[in-house]
Amino acid sequence: MNRLAALALAAFAAVSLAACGDNRTVGSVGVDWTGNDIAIDALADPGVDGVVCHLAYFNRSFIDRISQGNWFEAPSYSALDCSVVGPLTIGNISLRPGGEEIFREGRSLIWKSLRVTRIYDAANNALIYLGHARELQQGSGKMSLSVIPLNGEAVTWSNGEPAPATTPATVNTQ
């Protein structure tokens, strides 16, 4: 088989597999006649029992990939919302300012991925979930944010509650 035919077959297989749903997908909405849609996945936070994030993202169709000539890449746009769905039990999570990645999915053959990062905001006692694209070059400003305030919630810390942070400095406007 020549290289072009092999490449076309590999691309078709990759697109076909990408179109297959998995158990995370809770819905899909068609947005045009070419078969493009917006998929919605439910992502349970692996480090925090009782939190589920819903991530919506654009899914390119086979027809769109052929017509655009870009077989291996999907747009980075996404929307994220997280909510408390049961008792909160916080496991061994990162307390660093950069947080930790809890989800990653490729949006191109090798260069781009869609990610969800959890950050603990000690000063405000909240969990921040950031949905964002990561690209090898030129970065991406496409992001979405969701916050779970822990005040007023019954929260169990598996490794003991972290020491409260000092409150952020206030800005004097006078």
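This text goes with the structure placed above it.
Parameters at a glance
Residues numbered from 1 in each chain as written. Predicted model: local features only at pLDDT ≥ 70, side-chain atom pairs only at ≥ 80, totals over all residues. Heavy atoms only, no water. Core = buried A, V, L, I, M, F, W, Y, C linked by side-chain atoms within 4.5 Å. Buried < 20%, exposed > 50% of the residue type's maximum accessible area, 1.4 Å probe, protein only. Helix = DSSP H or I, 4+ residues; strand = E, 2+ residues; numbered from the N terminus. Contact = heavy atoms within 4.5 Å. Pairing = 2+ DSSP bridges. Axes fitted to C-alpha atoms, helices over the stretch in contact; angles between N-to-C directions.

Peer 1: Break down the nonpolar core for me, with residues and values.
Peer 2: Grouped together as the largest cluster of nonpolar side chains are 22 residues, with contacts concentrated most on Val 48, Leu 55, Val 116, Leu 127, Tyr 129 and Leu 150. Contributions of two or more residues to this core are made by β2 (37–44), β3 (48–59), β4 (78–90), β5 (100–106), β6 (112–121) and β7 (126–135). Per-element accounting of this core gives the leading share, five residues, to β3. Apart from the residues lying within four places of it in its own chain, the contact partners of Leu 55 are Ala 39, Ile 40, Asp 41, Leu 43, Ser 78, Ala 79, Leu 80, Phe 103, Leu 114 and Val 116.

Peer 1: Tell me about the sheet that holds strand β9 (residues 155–157), residues and numbers included.
Peer 2: Note on sheets: strands pair through backbone hydrogen bonds, and any given pair is parallel or antiparallel. Strand order across the open sheet formed by five strands is β1-β2-β3-β4-β9, with mixed pairing between neighbours. Edge strands, defined here as strands with exactly one partner in the open sheet, are β1 (25–30) and β9. Within this sheet the neighbouring strands show an average axis-to-axis angle of 30 degrees, counted without direction. Of the strand pairs in this sheet, β1 and β2 are connected by five bridges, and their pairing is antiparallel. By the bridge assignment for β2, Gly 27 is matched with Ile 40.

In short, shape yes, function no, at least from these values alone.
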